[in-house]
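Understanding the architecture of this molecule
One-letter residues, chain by chain:
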Amino acid sequence: MRPALFVAAALLCFSIIGLAKAADPILLAETGGFLLGNAHRCGVPTARVEHAGKVIQHLIVAASSDPTEEDAAASRFAETFTASAYPDKEGEAPIPGCGIVIAQFQRLERHHQQAGMN
């Protein structure tokens, strides 16, 4: 019975860590910039990418504890977006396939619609 208790405690700890990371504005900025930059690269219409970008910017503001953190996250979002939208073809960074990117972008849009963020 003790191993089951240990596993349950470990899963609880990992889920709490995941929640803490979800509220990190820099991580949010990097993840959002990566997805939206790749969506732009894959031909998702600009209006849809811009709308999702505004939602992510609002989330960054909400997750930031002060203006300095907010500015750092906004800057990181812009850097990540640009690097993903216009990747260096000779670079070492992996470039995700457009099928995966578009599916994840549509998932983000559905989540925003269900949450009433549109």
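Provided above is the structure to which this section pertains.
Residues numbered from 1 in each chain as written. Predicted model: local features only at pLDDT ≥ 70, side-chain atom pairs only at ≥ 80, totals over all residues. Heavy atoms only, no water.

By volume, the second largest pocket amounts to about 180 Å³. Forming the walls of the second largest pocket are 14 residues, and the residues nearest its centre are Phe34, Ala83, Ser84, Ala93 and Pro94. Elements that contribute at least two residues to the lining of the second largest pocket include exactly α2 (25–41) and α4 (67–85). (1 Å grid on protein atoms, 1.4 Å probe; cavity = no way out; pocket = protein on both sides within 12 Å on 5 of 7 lines; lining within 4 Å. Points joined across faces, edges and corners; volume = space filled by probe spheres on them. Helix = DSSP H or I, 4+ residues; strand = E, 2+ residues; numbered from the N terminus.)

Next up on the list: the packing of α2 against α4. In the contact formed by α2 and α4, the axes pass within 7 Å of each other and the chain directions differ by 25 degrees. As judged from the angle between their axes, α2 and α4 are roughly parallel. At the point where α2 passes α4, the crossing takes the right-handed sense. Here α2 contributes Pro25, Ile26, Ala29, Glu30, Gly32, Gly33, Phe34, Leu36, Gly37, Asn38, His40 and Arg41 to the contact with α4, which in turn contributes Glu69, Ala72, Ala73, Arg76, Phe77, Thr80, Phe81, Ser84 and Ala85. Residues belonging to the contact of α2 with α4 are distributed by class as follows: 10 nonpolar, 7 polar and 4 charged. (Axes fitted to C-alpha atoms, helices over the stretch in contact; angles between N-to-C directions. Parallel < 35°, antiparallel > 145°, perpendicular 65-115°, else oblique. Left-handed = near helix turned anticlockwise from the far one by under 90°. Contact = heavy atoms within 4.5 Å. Nonpolar A, V, L, I, M, F, W, Y, C, P; charged D, E, K, R; others polar.)

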